[in-house]
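Descriptive structure summary
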Amino acid sequence: MEGFELSALDYVLKPLTAARLDITARRIREYWDVKRKSEAYEVLFEKDMLSIKDGYHTVRLPQRDIVYLEAMQDYTKIVTGSKSYMTLSTLSCFMETLPQDRFVRVHRSYGVSLRHVAGFSYSELLCNQVTIPIGKTYRPAISRLLSSL
(Lines give C-alpha, C1' and ligand atoms only; values in the text may rest on other atoms or scores of the structure.)
Protein backbone atom coordinates (compact mmCIF):
# COMPACT_ATOMS: atom_id res chain seq x y z
CA MET A 1 0.00 0.00 0.00
CA GLU A 2 2.78 2.38 0.92
CA GLY A 3 4.50 1.65 -2.40
CA PHE A 4 1.44 2.81 -4.36
CA GLU A 5 1.17 5.96 -2.27
CA LEU A 6 4.81 6.75 -3.04
CA SER A 7 4.38 5.88 -6.75
CA ALA A 8 7.08 3.21 -6.56
CA LEU A 9 8.22 1.89 -9.91
CA ASP A 10 9.59 -1.39 -8.61
CA TYR A 11 10.38 -3.43 -5.51
CA VAL A 12 13.72 -5.18 -5.14
CA LEU A 13 14.46 -7.86 -2.56
CA LYS A 14 17.80 -9.08 -1.25
CA PRO A 15 19.88 -10.85 -2.41
CA LEU A 16 20.16 -8.50 -5.39
CA THR A 17 21.05 -10.13 -8.70
CA ALA A 18 22.33 -8.45 -11.86
CA ALA A 19 19.33 -9.70 -13.86
CA ARG A 20 16.85 -8.25 -11.35
CA LEU A 21 18.74 -4.94 -11.23
CA ASP A 22 18.62 -4.79 -15.05
CA ILE A 23 14.83 -5.18 -14.94
CA THR A 24 14.53 -2.35 -12.44
CA ALA A 25 16.86 -0.10 -14.45
CA ARG A 26 14.85 -0.80 -17.63
CA ARG A 27 11.59 0.13 -15.87
CA ILE A 28 13.10 3.39 -14.68
CA ARG A 29 14.44 4.20 -18.15
CA GLU A 30 11.04 3.42 -19.73
CA TYR A 31 9.26 5.62 -17.21
CA TRP A 32 11.59 8.56 -17.84
CA ASP A 33 11.33 8.07 -21.59
CA VAL A 34 7.53 8.11 -21.39
CA LYS A 35 7.62 11.20 -19.18
CA ARG A 36 9.98 13.04 -21.53
CA LYS A 37 7.89 12.18 -24.61
CA SER A 38 4.60 13.13 -22.99
CA GLU A 39 5.87 16.62 -22.19
CA ALA A 40 5.97 17.22 -25.94
CA TYR A 41 2.29 16.30 -26.31
CA GLU A 42 -0.71 18.47 -25.70
CA VAL A 43 -4.29 17.30 -26.27
CA LEU A 44 -7.23 19.32 -27.54
CA PHE A 45 -10.67 17.73 -27.83
CA GLU A 46 -12.81 18.63 -30.80
CA LYS A 47 -15.94 17.08 -32.26
CA ASP A 48 -14.91 13.58 -33.41
CA MET A 49 -11.21 14.61 -33.42
CA LEU A 50 -8.33 14.91 -30.98
CA SER A 51 -5.59 17.39 -31.68
CA ILE A 52 -2.35 16.17 -30.16
CA LYS A 53 0.74 18.30 -30.06
CA ASP A 54 3.64 16.05 -31.02
CA GLY A 55 6.81 18.09 -30.56
CA TYR A 56 6.48 21.03 -32.98
CA HIS A 57 3.70 19.41 -35.02
CA THR A 58 0.00 19.05 -34.31
CA VAL A 59 -1.59 15.72 -35.20
CA ARG A 60 -5.35 15.59 -35.78
CA LEU A 61 -6.46 12.14 -34.70
CA PRO A 62 -10.00 10.96 -35.52
CA GLN A 63 -11.64 9.44 -32.44
CA ARG A 64 -12.72 6.45 -34.54
CA ASP A 65 -9.01 5.50 -34.93
CA ILE A 66 -8.49 5.13 -31.17
CA VAL A 67 -8.39 1.46 -30.19
CA TYR A 68 -7.78 1.89 -26.47
CA LEU A 69 -6.38 4.22 -23.83
CA GLU A 70 -3.92 3.11 -21.16
CA ALA A 71 -3.26 5.01 -17.93
CA MET A 72 0.36 5.40 -16.90
CA GLN A 73 0.24 7.40 -13.65
CA ASP A 74 -0.42 11.03 -14.72
CA TYR A 75 -0.07 10.17 -18.41
CA THR A 76 -2.30 8.41 -20.91
CA LYS A 77 -1.14 6.34 -23.84
CA ILE A 78 -3.49 6.65 -26.83
CA VAL A 79 -3.23 3.53 -28.99
CA THR A 80 -4.42 3.48 -32.60
CA GLY A 81 -4.08 0.70 -35.13
CA SER A 82 -0.82 2.16 -36.42
CA LYS A 83 0.76 4.34 -33.73
CA SER A 84 0.76 5.22 -30.03
CA TYR A 85 0.79 8.71 -28.54
CA MET A 86 1.72 9.73 -25.01
CA THR A 87 -0.19 12.59 -23.40
CA LEU A 88 0.16 14.50 -20.16
CA SER A 89 -3.48 13.98 -19.27
CA THR A 90 -5.17 11.44 -17.03
CA LEU A 91 -7.33 8.58 -18.23
CA SER A 92 -10.20 10.01 -16.17
CA CYS A 93 -9.97 13.26 -18.13
CA PHE A 94 -10.20 11.34 -21.41
CA MET A 95 -13.12 9.21 -20.26
CA GLU A 96 -15.06 12.31 -19.15
CA THR A 97 -14.45 14.05 -22.48
CA LEU A 98 -14.81 11.25 -25.04
CA PRO A 99 -18.35 10.18 -26.08
CA GLN A 100 -19.71 7.71 -23.53
CA ASP A 101 -21.64 5.82 -26.18
CA ARG A 102 -18.37 4.98 -28.00
CA PHE A 103 -15.77 4.71 -25.24
CA VAL A 104 -15.99 2.83 -21.97
CA ARG A 105 -13.69 2.35 -19.01
CA VAL A 106 -13.08 -1.34 -18.41
CA HIS A 107 -10.30 -1.25 -15.84
CA ARG A 108 -8.59 1.21 -13.55
CA SER A 109 -5.85 1.51 -16.19
CA TYR A 110 -7.80 1.02 -19.45
CA GLY A 111 -10.54 2.57 -21.53
CA VAL A 112 -11.57 1.07 -24.88
CA SER A 113 -13.37 2.08 -28.02
CA LEU A 114 -16.44 -0.14 -28.37
CA ARG A 115 -15.94 -0.06 -32.13
CA HIS A 116 -12.65 -1.99 -31.82
CA VAL A 117 -13.78 -4.72 -29.40
CA ALA A 118 -13.31 -7.97 -31.31
CA GLY A 119 -14.25 -10.34 -28.51
CA PHE A 120 -14.61 -10.66 -24.76
CA SER A 121 -14.70 -13.11 -21.91
CA TYR A 122 -15.49 -12.76 -18.21
CA SER A 123 -12.17 -11.10 -17.37
CA GLU A 124 -10.76 -9.63 -20.60
CA LEU A 125 -11.45 -7.96 -23.93
CA LEU A 126 -9.74 -8.39 -27.26
CA CYS A 127 -9.07 -5.15 -29.17
CA ASN A 128 -6.94 -5.37 -32.35
CA GLN A 129 -5.13 -8.51 -31.13
CA VAL A 130 -4.38 -6.88 -27.74
CA THR A 131 -5.81 -8.48 -24.60
CA ILE A 132 -7.13 -5.90 -22.13
CA PRO A 133 -8.16 -6.89 -18.60
CA ILE A 134 -11.61 -6.11 -17.23
CA GLY A 135 -11.49 -4.90 -13.63
CA LYS A 136 -13.73 -6.53 -11.02
CA THR A 137 -15.70 -3.36 -10.36
CA TYR A 138 -16.35 -2.84 -14.09
CA ARG A 139 -17.41 -6.44 -14.95
CA PRO A 140 -21.19 -6.23 -14.36
CA ALA A 141 -21.63 -3.04 -16.41
CA ILE A 142 -19.28 -4.23 -19.17
CA SER A 143 -21.03 -7.60 -19.43
CA ARG A 144 -24.42 -5.91 -19.83
CA LEU A 145 -23.08 -3.40 -22.33
CA LEU A 146 -21.23 -5.91 -24.52
CA SER A 147 -24.07 -8.45 -24.42
CA SER A 148 -26.39 -5.84 -25.90
CA LEU A 149 -24.05 -5.18 -28.87
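It should be noted that the structure appears before, not after, this text.
Notes on the structure follow. Values in this document were obtained by computation on a predicted structure and should not be read as measured data. Here the residue numbers are simple positions, counted from 1 along each chain's written sequence. Confidence filtering applies because this is a predicted model: local features only for residues at pLDDT of at least 70, side-chain atom pairs given and counted only at 80 or more, and all residues used for totals across whole chains, interfaces and linings. In computing side-chain values, all of the structure's heavy atoms are included and hydrogens and water are not.

**Let's talk about the sheet that holds strand 10 (residues 124-127)**
Our working rule: Here a strand pair is declared whenever DSSP counts at least two bridges between the two strands. Under the DSSP-based scheme used, a helix requires at least four consecutive residues in state H or I and a strand at least two consecutive residues in state E, with every element numbered from the N terminus. A fitted line through C-alpha atoms serves as each axis, taken over the contacting stretch for helices, and the angle formed by two N-to-C directions is quoted from 0 to 180°.
The strand order 9-10-11 describes an open sheet built from three strands, whose pairing is antiparallel. The sheet terminates laterally at strand 9 (117-120) and strand 11 (130-133), the two strands that pair on one side only. Taking each pair of neighbouring strands and ignoring which way they run, the sheet shows an average axis angle of 30°. Bridge analysis of strand 10 against strand 11 gives four bridges, and the strand direction is antiparallel. Looking at strand 11, one finds that glutamate 124 is bridged to proline 133.

**Considering the sheet that holds strand 5 (residues 75-80)**
In spatial order, the strands read 6-5-4-8-7; together these five strands make up an open sheet with antiparallel pairing. The strands lining the two open edges of the sheet, one partner per strand, are strand 6 (84-87) and strand 7 (103-107). Strand after strand, the sheet turns through a mean of 20° between neighbouring axes, direction not considered. As paired elements, strand 4 (residues 66-72) and strand 5 share six bridges and run antiparallel to each other. Bridged to leucine 69 within strand 5 is isoleucine 78.

**A closer look at the environment of glutamine 63**
Quick reminder of the rule: Each residue gets one of three labels from its accessible area relative to the maximum for its type: buried under 20%, exposed over 50%, partly exposed in between, using a 1.4 Å probe on protein chains only.
Within the secondary structure layout, glutamine 63 lies in the loop between strand 3 (57-62) and strand 4. Look at glutamine 63 and you get buried, because its relative accessible area is 5%.

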